[in-house]
Amino acid sequence: MQQLNNSNSNQLPESVIHSNYDRNQLGIGIVHLGPGAFHRAHQAVFTDNALAYGGDWGICGVSMRSKGVRDNLAEQDNLYTLAILDEQPAYQLVGAIKEVLVLGDQREQVMQRLTAATTHIVSLTVTEKGYCLNGDGLLDRTHTDVVHDLANPEQPNSAIGLLAAALQVRFEQNHKALTIISCDNLADNGSKLGKAVVAFARELNDKLADWIEANICFPNTMVDSITPATDDALKDRVAAAIQVNDNWPIQREAFSQWVIEDNFSGPRPHWEKVGVTFTHDVSGYEKAKLRLLNGSHSTLAYTGLRCGFETVSEAISHPALHKLISSMLLDEVKPSFNAPIEMDVAEYIQAILKRYANPHIRHLLAQIAWDGSQKLPFRLLGTIKDNLTKGNSIRLLSTGVAAWLHFLVNAAHQSLSITDPLADLLLTTAADCSGHDASDVTKLLAISAVFPAELVNQSQFSEAVTKAYLTLASLNPTNIESVLDRI
Ligand code: CS2
């Protein structure tokens, strides 16, 4: 079977969707840090669709460390297939990514792209841990990468250091400003990114920090589309559908939403013509998504794994887990924030539960379970904090926290590795836990990098997590209904 490439990309089956633009004439206007599956399923697809309305908005992807995306896409002229797996499956050829570089191998080319006058946007999907933030959401100056980059500002390893280095060159050469767009799941993502870059720059050069503050926009955004990791089954399915080999197709649900604060330093693609929402206040959309979708995703991941399920659709199909998640969303998360006036939150919750039940998407709970120390503060702890302030219930929210604690203790006892930047600290602490004592909770809530002292010191919180932890201690695939009914 032929390899997908420029020459055969216009001979694919008629059913394959593709956006109408001349890719050969397409210039690069966007640099994206972290061209992983979510970027390629979400922002790159919105951009590919917007290219039909003109503009040199080709994307240069920059992998901070791994070479896989670059090396696999290089064999196919950086083309790839998006498989939309829903009631009506569809396949789209995506050509917006024109180039993929690896920072460690191609630092000079990366800097050339970042400092080019034709680059108007830098966007990021580097996951929560890529921002090098502390528990207060500010730049963590003790972070290994930050320490390295401040000592070696021209050889940065972190996204923050790389952005500062690129802005330094643009500042010195008096280049036009650009817009830096965070597309990661953290609250106030753009504001936090901007503050971190300015704080980093100020350590090196006050004038640069002042210039960034005055000229560079960091719009907040909300991003949403369920995008499971690529597996061999997807590769086989795509090869059969498009009749050429694609080294790295991407899969996602039909639902895809992007809300961007209308705050740009310069030009941007015609994203508004392809369904992107521009607003002056992203916060309502962001809280709705982070708290309702991501908060329930993490809760379902840790409870579902303990119940012996592998995927989101399997777990949400169990009546007791469906009841836990829907009650948590309706009774505890919904009252925790002010949704955008146009949003029907009850309808949004039902849509989330339907999305989770999508039988065409195989979304692994183990993938969602990654990086809990970076996710729970935005997904559950912020909601708990607000509910405590308002005097609202935190019983079900605390169940998600308690389920994560059991996930850690189970991993430690089974000598399993976990994907989390704080893995060593988490597993060392968890190894000292029995799995069924209240003292476990005291030990794990003492991890201040995750649990702020002002939250832990509120007895309602520690008592609710302890109660849920002790109830979940006996949870297993044979007693799901009886145990969860006691929550
Ligand atoms: C998931 C998210 O892996 C996870 O943590 O909760 O990737 C989720 O699928 C996306 O935010 C959906 O938009």
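Residues numbered from 1 in each chain as written. Predicted model: local features only at pLDDT ≥ 70, side-chain atom pairs only at ≥ 80, totals over all residues. Heavy atoms only, no water.

(A) Broad picture of the overall build of the protein chain. Summing up its helical and strand segments, the protein chain has 21 helices and 12 strands in all. For the protein chain, the spread of C-alpha atoms along the three principal axes comes to 60 × 55 × 45 Å. Counting the 487 residues in the protein chain, one finds 57% classified as buried. Excluding contacts between residues fewer than 6 apart, the proportion of contacts in the protein chain whose partners are at least 24 apart in sequence is 76%. In the structure as shown, the protein chain presents an accessible area of about 19,500 Å², 48% of it carried by carbon and sulfur atoms. (Helix = DSSP H or I, 4+ residues; strand = E, 2+ residues; numbered from the N terminus. Buried < 20%, exposed > 50% of the residue type's maximum accessible area, 1.4 Å probe, protein only. Contact = heavy atoms within 4.5 Å. Areas by Shrake-Rupley, 256 points an atom, 1.4 Å probe, with all protein chains shown as cover.)

(B) Seen up close, the environment of T142. Secondary-structure assignment places T142 in the loop between β7 (121-124) and α5 (144-151). For the pair formed by T142 and C132, sequence separation is 10 residues and the distance between their alpha carbons is 9.1 Å. In terms of polar contacts, T142 uses its side chain to reach the side chain of D140, at 2.5 Å. (Polar contact = N/O pair within 3.5 Å; in protein donor to acceptor, adjacent residues only side chain to side chain.)

(C) A look at the site of the ligand. In the vicinity of the ligand, the contacting residues are N185, D224, S225, K289, L293, N294, H297, H363, I368, K375 and R379. Here an oxygen atom of the ligand and a backbone polar atom of S225 are 3.0 Å apart. Within the side chain of K289, a nitrogen or oxygen atom sits 2.5 Å from an oxygen atom of the ligand. Here the ligand, which alone exposes 340 Å², has 89% of that area covered by the protein. Taken together, the elements giving at least two residues each to the shell around the ligand come down to α10 (283-306) and α15 (372-390). Built from parts of two domains, the shell around the ligand gets at least three residues from each of domain 1 (6-279) and domain 2 (283-484). (Near = heavy atom within 4 Å. Domains from an automatic or database assignment.)

(D) Geometry of the domain arrangement of the protein chain. Taken domain by domain, the protein chain holds domain 1 (6-279) and domain 2 (283-484). The C-alpha centroid of domain 2 is placed 29 Å from the C-alpha centroid of domain 1. Each partner contributes residues to the interface: domain 1 has 28 residues there, and domain 2 has 25 residues. Of the roughly 2,200 Å² buried between domain 1 and domain 2 on both sides combined, carbon and sulfur atoms contribute 56%. Put simply, domain 1 and domain 2 have 5 salt bridges between them. One salt bridge connects E253 with R355, and the closest N-O pair in it is separated by 2.5 Å. Applying the counting criterion to the domain 1 and domain 2 interface returns 10 residue pairs in polar contact (both at pLDDT 80 or more). Listing elements by their share of the side of domain 1 that touches domain 2, those giving two or more residues are α7 (189-204), β9 (221-224), β11 (257-261) and β12 (277-279). When residues of the side of domain 1 that touches domain 2 are assigned to their parent elements, the largest contribution, 3 residues, is made by β9. Here the residues of the side of domain 1 that touches domain 2 are counted per class, giving 10 nonpolar, 9 polar and 9 charged. (Buried area = accessible area lost by both parts, 1.4 Å probe. Salt bridge = Lys/Arg side-chain N within 4 Å of Asp/Glu carboxyl O. Nonpolar A, V, L, I, M, F, W, Y, C, P; charged D, E, K, R; others polar.)

(E) Focus on α15. For α15, built from 19 residues, the straight-helix expectation of 27 Å at 1.5 Å per residue is met to within 8% by its first-to-last C-alpha distance of 26 Å. By the largest-angle criterion, L381 marks the main kink of α15, which is about 40 degrees. Most of α15 sits inside the fold, with 14 of its 19 residues counted as buried. Positioned one or two residues after α15, G391 has a phi angle of 75 degrees, which is positive. (Expected span 1.5 Å × (residues − 1). Bend = angle between axes of the 7 residues up to and from the residue.)

(F) Structural view of α10. For α10, spanning 24 residues, the distance from its first C-alpha to its last is 33 Å, which sits close to the expected 34 Å at 1.5 Å a residue. The sharpest bend along α10 reaches about 25 degrees and sits at N294. Across the 24 residues that make up α10, a large majority, 20, are buried. Two residues or fewer past α10, G308 is found with a positive phi of approximately 90 degrees.

(G) Quick look at the sheet that holds strand β10 (residues 250-252). What the 4 strands build is an open sheet, ordered β1-β5-β4-β10; its pairing is mixed. Looking at strand neighbours, the two that pair on one side only are β1 (17-18) and β10, the edges of this open sheet. With 5 bridges connecting them, strand β4 (residues 80-84) and strand β5 (residues 90-94) associate as antiparallel partners. By the bridge assignment for β5, L82 is matched with Q92. The strands touched by helix α2 (residues 43-50) are β4, β5 and β10; relative to β5, the strand with the most contacts, the crossing angle is about 75 degrees. (Pairing = 2+ DSSP bridges. Axes fitted to C-alpha atoms, helices over the stretch in contact; angles between N-to-C directions.)

(H) Region of interest: the pattern of salt bridges. For the structure shown, the criterion picks out 19 salt bridges. R113 is paired through a salt bridge with E99; the nearest N and O atoms lie 2.6 Å apart. With a gap of 14 residues between them, R113 in helix α4 (residues 107-115) and E99 in strand β6 (residues 97-102) connect regions that are remote in the sequence. Accessibility expressed as a relative area gives 27% for R113, which makes it partly exposed. Between K129 and D371 there is a salt bridge whose closest N-O contact spans 3.0 Å.

(I) View of the nonpolar core. Counting 88 residues, the largest nonpolar core has L292, I384, W404, L405, F451 and F461 as the members making the most contacts within it. Ranked by the residues each element gives to this core, the list is headed by helix α16 (residues 395-413), at 11 residues. Residues lining this core come from more than one domain, with at least three contributed by each of domain 1 (6-279) and domain 2 (283-484). Counting 48 residues, the second largest nonpolar core, distinct from the first, contains L103, A164, A165 and A199. (Core = buried A, V, L, I, M, F, W, Y, C linked by side-chain atoms within 4.5 Å.)

(J) Here's a closer look at unusual backbone geometry. With a phi close to 60 degrees, Q243 is a non-glycine residue in the positive phi region. Note that Q243 resides in the loop between α9 (232-242) and β10. Backbone geometry places D371, a non-glycine residue, at a positive phi of 60 degrees.

(K) Local environment of the sheet that holds β12. Strand order in this open sheet of 3 strands is β9-β11-β12, and the pairing throughout is mixed. What marks the edges here is a single partner per strand, and that holds for β9 and β12. Recorded for the sheet is a direction-independent mean angle of 15 degrees between the axes of neighbouring strands. Pairing of β9 with β11 involves 4 bridges; the strand directions are antiparallel. Paired with V223 across the two strands is W258, which belongs to β11.

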